Amino acid sequence: DTAVSQTPKYLVTQMGNDKSIKCEQNLGHDTMYWYKQDSKKFLKIMFSYNNKELIINETVPNRFSPKSPDKAHLNLHINSLELGDSAVYFCASSQGTGVKYFGPGTRLTVT
Amino acid sequence: DQQVKQNSPSLSVQEGRISILNCDYTNSMFDYFLWYKKYPAEGPTFLISISSIKDKNEDGRFTVFLNKSAKHLSLHIVPSQPGDSAVYFCAASGGKSDYKLSFGAGTTVTVRA
């Protein structure tokens, strides 16, 4: 009964490909997020959805497109992958602005 | 521009002793602070938080202290246990209307037997 789950856990792909990462939460939270942990280990927010509406959209290339089909799901689609996209991507959820609960992460490697 | 800074990338402590992790912030609008613990290949796990109206919050072996005038907070773990070996992230937000969390770079704690 994982609270926040992500698939896949590992993703290895070539430059130029398009890939998606899926996230689901069963906590009943109304807000979901995508964070990126880069090679320097900083966790930085990319997007946030509250009740399926985009509320945070940081300076992220428009090759990244989040989609929230319902409150429990937030997927991340990445077009034309580049080497610099290699990172660990974490999904998270919260009730309002409360404590964020994170998924296990997806390690994306672009070759 | 990092608004939350953890200047010690690593800390080694003997089992049973106290671990003290430090965190500084620059944004005076931050009023809610959290500590997360992260094991390899897992996501960050919430540990403890503190609101700016308090200067101390305690939960079992974990205590967080907040010094608003110095824009500094610390996490004390006592006694340290081998299972505490992990990366600890300090995070901050602007409170009730702020959905963002700004994270520090993390401190790797190693508890020696």
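Parameters at a glance
- Residues numbered from 1 in each chain as written.
- Chains lettered and ligands numbered in written order.
- Predicted model: local features only at pLDDT ≥ 70, side-chain atom pairs only at ≥ 80, totals over all residues.
- Heavy atoms only, no water.
- Pairing = 2+ DSSP bridges.
- Helix = DSSP H or I, 4+ residues; strand = E, 2+ residues; numbered from the N terminus.
- Salt bridge = Lys/Arg side-chain N within 4 Å of Asp/Glu carboxyl O.
- Disulfide = S-S within 2.5 Å.
- Buried < 20%, exposed > 50% of the residue type's maximum accessible area, 1.4 Å probe, protein only.

Things to note about the sheet that holds strand 1 (residues 4–5) of chain B
Residue and element names in this part refer to chain B.
Alright, step 1. Here we have 5 strands laid out as an open sheet, ordered 1-3-8-7-6, and antiparallel in their pairing. Either end of the sheet is taken by a strand with one partner, and the two such strands are strand 1 and strand 6 (56–59).
Alright, step 2. As judged from the 4 bridges shared by strand 6 and strand 7 (residues 62–67), these two strands associate in the antiparallel manner. The residue bridging N57 from the neighbouring strand is V64, located in strand 7.

Description of the pattern of salt bridges
Oppositely charged side chains can form a pair if their charged atoms are brought close together.
All names here are of chain A.
Alright, step 1. Within the structure shown, the criterion is met by 6 salt bridges over all chains.
Alright, step 2. Measuring nitrogen to oxygen at the nearest pair gives 2.8 Å for the salt bridge that ties R63 to D85. Residue R63 is found in the loop between strand 6 (53–57) and strand 7 (64–70), and its partner D85 is found in the loop between strand 8 (73–78) and strand 9 (87–94); the two are separated by 22 residues along the sequence.

As for the state of the cysteines
Alright, step 1. Counted under the stated rule, the structure contains 2 disulfides over all chains.
Alright, step 2. Paired through a disulfide, C23 of chain A and C91 of chain A show a sulfur-sulfur distance of 1.8 Å. On the sign convention where negative is left-handed, the bridge of C23 of chain A and C91 of chain A, at about -75° about the S-S bond, is left-handed. Highlighted residues: C23 of chain A in strand 3 (residues 19–25) and C91 of chain A in strand 9, separated in sequence by 68 residues.
Alright, step 3. Judged by relative accessible area, which is 0%, C91 of chain A ranks as buried.
Alright, step 4. Put simply, C23 of chain B and C90 of chain B are joined by a disulfide, and their sulfur atoms are 2.0 Å apart. Taking the sign of the torsion about the S-S bond as the criterion, the disulfide between C23 of chain B and C90 of chain B, at about -75°, is left-handed. Here the residue C23 of chain B occupies a position in strand 3 (residues 19–25), and C90 of chain B occupies one in strand 9 (residues 86–93), the gap between them amounting to 67 residues.

Purely geometric stuff here, so don't read any function into it on its own.
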